[in-house]
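Structural description and commentary
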Amino acid sequence: MRVLALNCGSSSVKCALLDSERRTRLLDVRVENIGRQDCRLEVDGERREAADILDLGGAVAGVLEHVRSRAAELGAPQAIAHRIVHGGAQFHQPTVLNDDVLAQIESLNSLAPLHNPPAIEAVRLAVAAYADVPHVAIFDTAWHGTLPRRAREYALPADLRERFGIRRFGFHGVSHAHVVSSVAARMHASPQELRIISCHLGNGASVAAVEYGRSVETSMGMTPLEGLVMGTRVGDIDPGVLLLLLESGMTTRELDELLNRRSGLTGLTGTNDMRRIEQGAAEGDEECRLALALYTHRIRKYIGAYAAVMGGVDAIAFTGGVGENSATVRHRCMQRLEFLGAMLDEDRNRDARATLRTPCIEISPQHSRVRSFVVCADEELEMAIETADALAAAAHGRPDARIPIAVSARHAHLSQATVEALFGAGYKLTPRTALSQPGQYAAEETVTLIGPRGRIENVRTMGPPREHDQVEISRSDEFTLGVDAPVRISGDLSNTPGITLEGPAGRVTLQSGLICARRHIHMNPQDAARLGVKDCDEVAVRIDSEGRDLIFADVSVRVAPGFSLEMHLDTDEANAAGLSSGDYGELVR
Ligand code: ADP
């Protein structure tokens, strides 16, 4: 398929027409430094007149005009791929663009203010120019959808994280994906056999730990501001510094400007051009020397940390403008990593020139246990391949079969009569956190379960009160309590055993209602139609986890309007597959 990949940044447009099957470039058009005196337009590497390009809109229009002018010779694009930096929590895969999808992307603008708005502007222009071909969004965040929960969350109270959607996403996914496939091909191995640390060092910069093909840690977080020292962004900083600046009278807008545009290399030296910084450092400029030391120290720190996260590393790779071109930066990042088994061949490092033709150059000596590479960034190729795959999947009716997973700890749904018996006459449960199914909540109140063999304290109650009491426990809990609970779907309580509950105001012995919940998926009728299942179907869900892959069979489908798509597992089931709430499974047909 001929795919036009449009990769728009705040001041650049990289555009390539590619043959996704042959993995070849048919045309390459780039505009850099948009809006500045030194604006450059290059077509297949040749400099062209760029005087009439004044802004991003003009750049995209100019680029599309070049593509159109070559259509008779090269063929017109059959699909257009758009790189979108932030896909938030909702976009996990390449997604065909329409007005609704575009509005959802627009709602994420505040999370990536430098990147999402220009990309959306470019989408609108490209859709107007090529209305009759599919436009597909490729999200930089999507590739990090495999981050385990410990790498995804910040240590903040759960209600705040939920209310503001605060979590780590990670970025540069398209570039890291390309690094991983290039390094694996060069090592004649599959990504599933390798632990790779990928360093994307451009104007923006991030490191990713890729363990056996899955991103398990990355240095950028909720926004592309966390992590490495970047061209204009600060990277990691003690949040206390931000409080101090706010308290000193700085406005949030000024702080945003400082952290995003006036910090990093620019803040340290006045330029974000690593060539000038290296030159300055070589000439003894103190600020440049500090900038270079800080920049490379931070990268080396992440490399060491990520080797620890993965329990070892097989390859370290550098890409992006700095990563591909600066032997000095690579040398300094790789210094003193011999203890990891990572060595650098200084000659290879100095001579390494990765190009689109020879995209992956080794810079480690033959006897280095950990191998190191320079990879020529080719986000456009990755975008074209992902777009062609997504459109082929859609054409063959393969929908997105990913199912979000929620893990339920033991809990009790109580009737109002039982609430009053346990907590006092007229007592009302206090909502604590909303559950994903509409109207449901976990309550502040907890009870103690008392069985013939033992007790379990602090069992969460759920609201609102139901007609019948229902207590859901895991198989492990059954042994603790000395009871035998049947595996049942919620509400199917005939011939179930009871259990004694204890609250601050008294005890209640239920005659029935104790179950081990049958694993199930909630979904609305639209999801059911899309996934080709119906209410009460039994399906299987495949889990791809860190070393505990598993297929769950006997999963009941529960369909009702208003249900949110979610698979519910108990803690035993989740532990067996190494899962946490927020992970994903895949429906198996
Ligand atoms: P972007 O993230 O905007 O795509 P690039 O990947 O093009 O950025 O990287 C831009 C950075 O690469 C700039 O800091 C530039 O100074 C640096 N760079 C380009 N060429 C060299 C070079 N030969 N030596 C050192 N740094 C370089």
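Residues numbered from 1 in each chain as written. Predicted model: local features only at pLDDT ≥ 70, side-chain atom pairs only at ≥ 80, totals over all residues. Heavy atoms only, no water.

Comments concerning the site of the ligand
As a matter of local geometry, the ligand sits amid 14 residues, with N203, N272, D273, M274 and G321 nearest to it. Residue N203 places a main-chain N or O atom 2.9 Å away from an oxygen atom belonging to the ligand. Contacts to the ligand include N272, whose backbone N or O atom sits 2.8 Å from an oxygen atom. When the ligand sits alone it has 580 Å² of accessible area, and the protein chains cover 71% of it. The dominant element in the shell around the ligand, judged by the number of residues it contributes, is helix α13 (residues 320-325), at 4 residues. Counted by class, the shell around the ligand contains 2 nonpolar, 8 polar and 4 charged residues. (Near = heavy atom within 4 Å. Polar contact = N/O pair within 3.5 Å; in protein donor to acceptor, adjacent residues only side chain to side chain. Areas by Shrake-Rupley, 256 points an atom, 1.4 Å probe, with all protein chains shown as cover. Helix = DSSP H or I, 4+ residues; strand = E, 2+ residues; numbered from the N terminus. Nonpolar A, V, L, I, M, F, W, Y, C, P; charged D, E, K, R; others polar.)

Looking at the packing of aromatic side chains
Summed over the entire model, instances satisfying the criterion amount to 3 aromatic pairs. Seen from their ring centres, Y302 and Y306 are 5.5 Å apart, and the 75° between their planes marks the pair as edge-to-face. Residue Y302 and its partner Y306 are located together in helix α12 (residues 286-310), separated by 4 residues, close to a single helical turn. For Y306, a relative accessible area of 3% puts it in the buried group. Between the NZ or CZ atom of R68 and the centre of the ring of Y130, over which it lies, the distance is 4.8 Å. Of note, R402 hangs over the ring of Y584, and the distance from its end group to the ring centre comes to 4.2 Å. (Phe/Tyr/Trp six-rings, centres within 6.5 Å; stacked < 30°, edge-to-face > 60°. Buried < 20%, exposed > 50% of the residue type's maximum accessible area, 1.4 Å probe, protein only. Lys NZ or Arg CZ within 6 Å of the ring centre and 35° of its normal.)

Brief notes about the packing of helix α1 (residues 56-69) against helix α4 (residues 116-129)
Between α1 and α4, the least distance of the axes is 10 Å, while the angle of their chain directions is 40°. As the angle between them shows, α1 and α4 are arranged oblique. Crossing geometry of α1 relative to α4 is assigned as right-handed. Two secondary-structure elements touch here, α1 through L56, G57, V60, L64 and R68 and α4 through P118, E121, A122, L125, A126 and A129. (Axes fitted to C-alpha atoms, helices over the stretch in contact; angles between N-to-C directions. Parallel < 35°, antiparallel > 145°, perpendicular 65-115°, else oblique. Left-handed = near helix turned anticlockwise from the far one by under 90°. Contact = heavy atoms within 4.5 Å.)

A few points about the nonpolar core
Core analysis: the largest hydrophobic core is formed by 45 residues, its most contacted members being I197, L201, Y295 and I316. Taken together, the elements giving at least two residues each to this core come down to β9 (195-201), β10 (205-211), α11 (274-282), α12, β12 (315-319) and α14 (327-334). Sort the elements by how many residues they give to this core and α12 lands first, with 10 residues. Those residues within four positions of I197 in sequence are excluded, and the remaining contacts are V207, A208, I303, Y306, A307, M310, V313, A315, I316 and A317. (Core = buried A, V, L, I, M, F, W, Y, C linked by side-chain atoms within 4.5 Å.)

A closer look at the pattern of salt bridges
Tallying each qualifying case throughout the model produces 38 salt bridges. Measuring nitrogen to oxygen at the nearest pair gives 3.6 Å for the salt bridge that ties R83 to E379. You can see R83 sitting in strand β6 (residues 79-84) and its partner E379 sitting in helix α16 (residues 379-395), a full 296 residues away along the chain. Assessed through its relative accessible area of 13%, R83 is described here as buried. Accessibility expressed as a relative area gives 7% for E379, which makes it buried. (Salt bridge = Lys/Arg side-chain N within 4 Å of Asp/Glu carboxyl O.)

A short note on the side chain of N524
Structurally, N524 is set in the loop between β25 (520-523) and α19 (525-531). Using a relative accessible area of 19% as the deciding quantity, one classes N524 as buried. Here the side chain of N524 touches D527 through a polar contact of 2.8 Å, landing on its backbone nitrogen.

Quick word on the pairing of β9
The element β9 is largely enclosed, with a buried count of 7 among its 7 residues. Taking every second residue as pointing to the same face, both faces of β9 are buried, with R195, I197, C199 and L201 on one and I196, S198 and H200 on the other. With 7 bridges joining them, β9 and β10 adopt antiparallel strand pairing. Following the sheet pairing, I196 is matched in β10 by V210. The antiparallel pairing of β9 with β10 creates a hairpin that spans 3 residues between the two strands. Pairing of β9 with β12 involves 5 bridges; the strand directions are parallel. Bridge assignment links I197 to a residue of β12, and that residue is I316. (Pairing = 2+ DSSP bridges.)

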